[in-house]
Amino acid sequence: LKMAALGYRTGILDMTRGEMGTRGTVEVRTLEAAEAARLLRVTVRENLGLPDTRVSCDDSARVAMVRALRRFRPRIVLAPYWEDPHPDHAHTSRIVREAGHLAGLAKFDPESGWERYRPAAIGYYLFPRTVTPSFIVDISEHFEGKMAAIRAHRSQFHDPGSRDPETMLSDPGFLARLEARHRYFGSLLDVAYGEPLLVREALNVEDPVALLSRSMNLYS
């Protein structure tokens with residue numbers, strides 16, 4: 001939402017259709033994903049259709065990701081943190097990192113017809129609270145919109161009328177805890193809500209004076 005407000009084109013690439021999910025159905029989740037994409041103002045949302053709970057960093061998955069990267073040519077890619085307990089998430093992180101490199105090799109998958117392309121950087125999200133983020137983005141103006149997009153996946157959250165089994169996400173306090181997490185990271189910036197992100201490589205800062213004078217208020 002913030003990137004869209006700044007004039008960037010954004011997109012979401014889902015790895016699976018969630019067919020093994022405890023709550024909801026593939027059909028319901030597809031509709032929810034479309035509604036969330038609308039609320040997030042993304043330019044495109046597509047699905048690779050990989051098998052849910054069986055996502056693996058094999059050649060077919062890497063080729064699928066390479067083709068997506070070459071087709072959309074994103075400057076920045078965001079992926080799950082590489083040590084996520086869900087194997088699909090952890091493997092997705094590795095797929096994105098490896099495909100990000102392979103996509104820049106001219107002789108890799110030439111039959112696709114797409115020109116080689118390598119994203120400028122890969123960032124990671126949803127890392128444990130013991131990990132220090134590389135930077136935090138002030139999302140205060142867009143936080144309510146983000147929560148609306150999350151709630152669009154309504155089959156996953158608390159519903160007293162649902163007969164689906166309970167999960168961590170369907171706990172009545174889950175969304176409140178999610179908000180508290182964003183409030184915490186926002187408090188580190190002296191703003192209402194913050195979005196933490198992590199990068200593996202050192203950040204190339206052109207103007208440290210501009211960066212630090214904008215980021216720090218020594219008199220607050």
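Rules used in this analysis
Along each chain, residue indices are assigned from 1 in the same order as the chain's sequence is written. The predicted nature of this model means local features are confined to residues of pLDDT at least 70 and side-chain atom pairs, given and counted, to a pLDDT of 80 or more, with totals for whole chains, interfaces and linings taken over all residues. Water and hydrogen atoms play no part in the side-chain values, which are based on all heavy atoms of the structure. To get an axis, fit a line to the C-alpha atoms, keeping to the stretch in contact for a helix; angles then go from 0 to 180 degrees between the N-to-C directions. Only DSSP runs of H or I covering at least 4 residues are called helices, and only runs of E covering at least 2 are called strands; the numbering of each starts at the N terminus. Put simply, angles under 35 degrees are roughly parallel, angles over 145 are roughly antiparallel, angles from 65 to 115 are roughly perpendicular, and the rest are oblique. Throughout, a crossing is termed right-handed when the near helix is turned clockwise from the far one, and left-handed when it is turned anticlockwise from it by less than a right angle. Throughout, a contact is declared for two residues whenever any of their heavy atoms are within 4.5 Å. Just so you know the grouping, Ala, Val, Leu, Ile, Met, Phe, Trp, Tyr, Cys and Pro go in nonpolar, Asp, Glu, Lys and Arg go in charged, and all remaining residues, Gly too, go in polar. Throughout this description, the term salt bridge denotes a Lys or Arg side-chain nitrogen within 4 Å of a carboxyl oxygen of Asp or Glu. Relative accessibility thresholds used throughout: buried, under 20% of the residue-type maximum; exposed, over 50%; partly exposed, between the two (1.4 Å probe, protein chains only). Here, the term nonpolar core denotes a set of buried Ala, Val, Leu, Ile, Met, Phe, Trp, Tyr and Cys residues that are joined through side-chain atoms within 4.5 Å. By convention, a stacked pair of Phe, Tyr or Trp rings (six-membered ring in the case of Trp) has centres within 6.5 Å and planes under 30 degrees apart, an edge-to-face pair has planes over 60 apart, and any other such pair is tilted. In this analysis the charged atom, NZ for Lys or CZ for Arg, is taken to sit over a ring once it is within 6 Å of the ring centre and within 35 degrees of the ring normal. One less than the residue count of a helix, multiplied by 1.5 Å, gives the span that helix is expected to have. Here a polar contact means two N or O atoms within 3.5 Å. Within protein one must be a hydrogen donor candidate and the other an acceptor candidate, and residues neighboring in sequence count only if both atoms are side-chain atoms.

A. Spotlight on the packing of helix α3 (residues 59-72) against helix α4 (residues 87-102). With their axes 8 Å apart at the nearest point, α3 and α4 run at an angle of 60° to one another. The pairing of α3 with α4 is recorded here as oblique in orientation. α4 is crossed by α3, and the crossing has right-handed handedness. The residues of α4 that touch α3, namely those facing Ala-61, Arg-62, Met-65, Val-66, Leu-69 and Arg-70, are Ile-95, Val-96, Glu-98, Ala-99, Gly-100 and Leu-102. For the contact of α3 with α4, the per-class residue count stands at eight nonpolar, one polar and three charged.

B. Structural context of the pattern of salt bridges. Considering all chains together, one arrives at 11 salt bridges under this definition. The shortest N-O distance in the salt bridge between Asp-14 and Arg-45 comes to 2.8 Å. Of this pair, Asp-14 sits in strand β1 (residues 11-16) while Arg-45 sits in strand β2 (residues 44-50), placing them 31 residues apart in sequence. The exposure class assigned to Asp-14 is buried, which follows from its relative accessible area of 18%. Overlapping salt bridges bring together Asp-59, Arg-62, Arg-94 and Glu-98 as one network.

C. Molecular detail of the nonpolar core. If you look at the biggest cluster of nonpolar residues, it comprises 23 residues, and the most contacted ones within it are Met-15, Met-65, Val-66, Leu-69, Ile-95, Val-96 and Leu-198. Contributing elements (two or more residues each) for this core: α3, β3 (76-80), α4 and β4 (121-125). The element contributing the most residues to this core is α3, with five residues. Filtering out sequence-adjacent residues up to four positions away, Val-66 remains in contact with Ala-99, Leu-102, Ala-103 and Phe-108. Judged by nonpolar contacts, the second largest core, of nine residues, contains Ile-139, Phe-143, Ile-150 and Leu-178.

D. Just the packing of aromatic side chains, in detail. In the structure shown here, the tally under the stated rule is six aromatic pairs. Ring geometry for Phe-157 versus Phe-174: centroids 6.1 Å apart, planes at 20°, classification stacked. On the criterion of sequence distance, the pair formed by Phe-157 in the loop between α5 (143-151) and α6 (174-187) and Phe-174 in helix α6 is long-range, its members being 17 residues apart. Taking relative accessible area as the criterion, Phe-174 reaches 17% and is therefore assigned buried. For the cation-ring pair, Arg-181 lies above Phe-127, with the distance from its terminal atom to the ring centre recorded as 6.0 Å. One Lys or Arg, Arg-200, reaches over the ring of Trp-82 and ends 3.9 Å from the middle of that ring.

E. Layout of the packing of α5 against α6. Where α5 contacts α6, the two axes come as close as 12 Å, and the packing angle between them is 150°. Classified by the angle between their axes, α5 and α6 sit roughly antiparallel to one another. The handedness of the crossing between α5 and α6 is right-handed. Seen from α5, the contacting residues are Phe-143, Lys-146, Met-147, Ile-150 and Arg-151; seen from α6, they are Leu-175, Leu-178, Glu-179 and His-182.

F. Spotlight on α3. Between the first and last C-alpha of α3 there are 20 Å, a value that for 14 residues agrees with the 20 Å anticipated at 1.5 Å per step. Among all positions of α3, only Ala-61, Val-63, Met-65, Val-66, Ala-68, Leu-69 and Arg-70 are buried. Looking one or two residues past α3, Arg-73 carries a phi angle of roughly 50°, positive in sign.

G. Highlighting the side chain of Thr-16. Checked against the element boundaries, Thr-16 lands in strand β1. For Thr-16, the side chain forms a polar contact with the main-chain nitrogen of Gly-18, separated by 3.1 Å.

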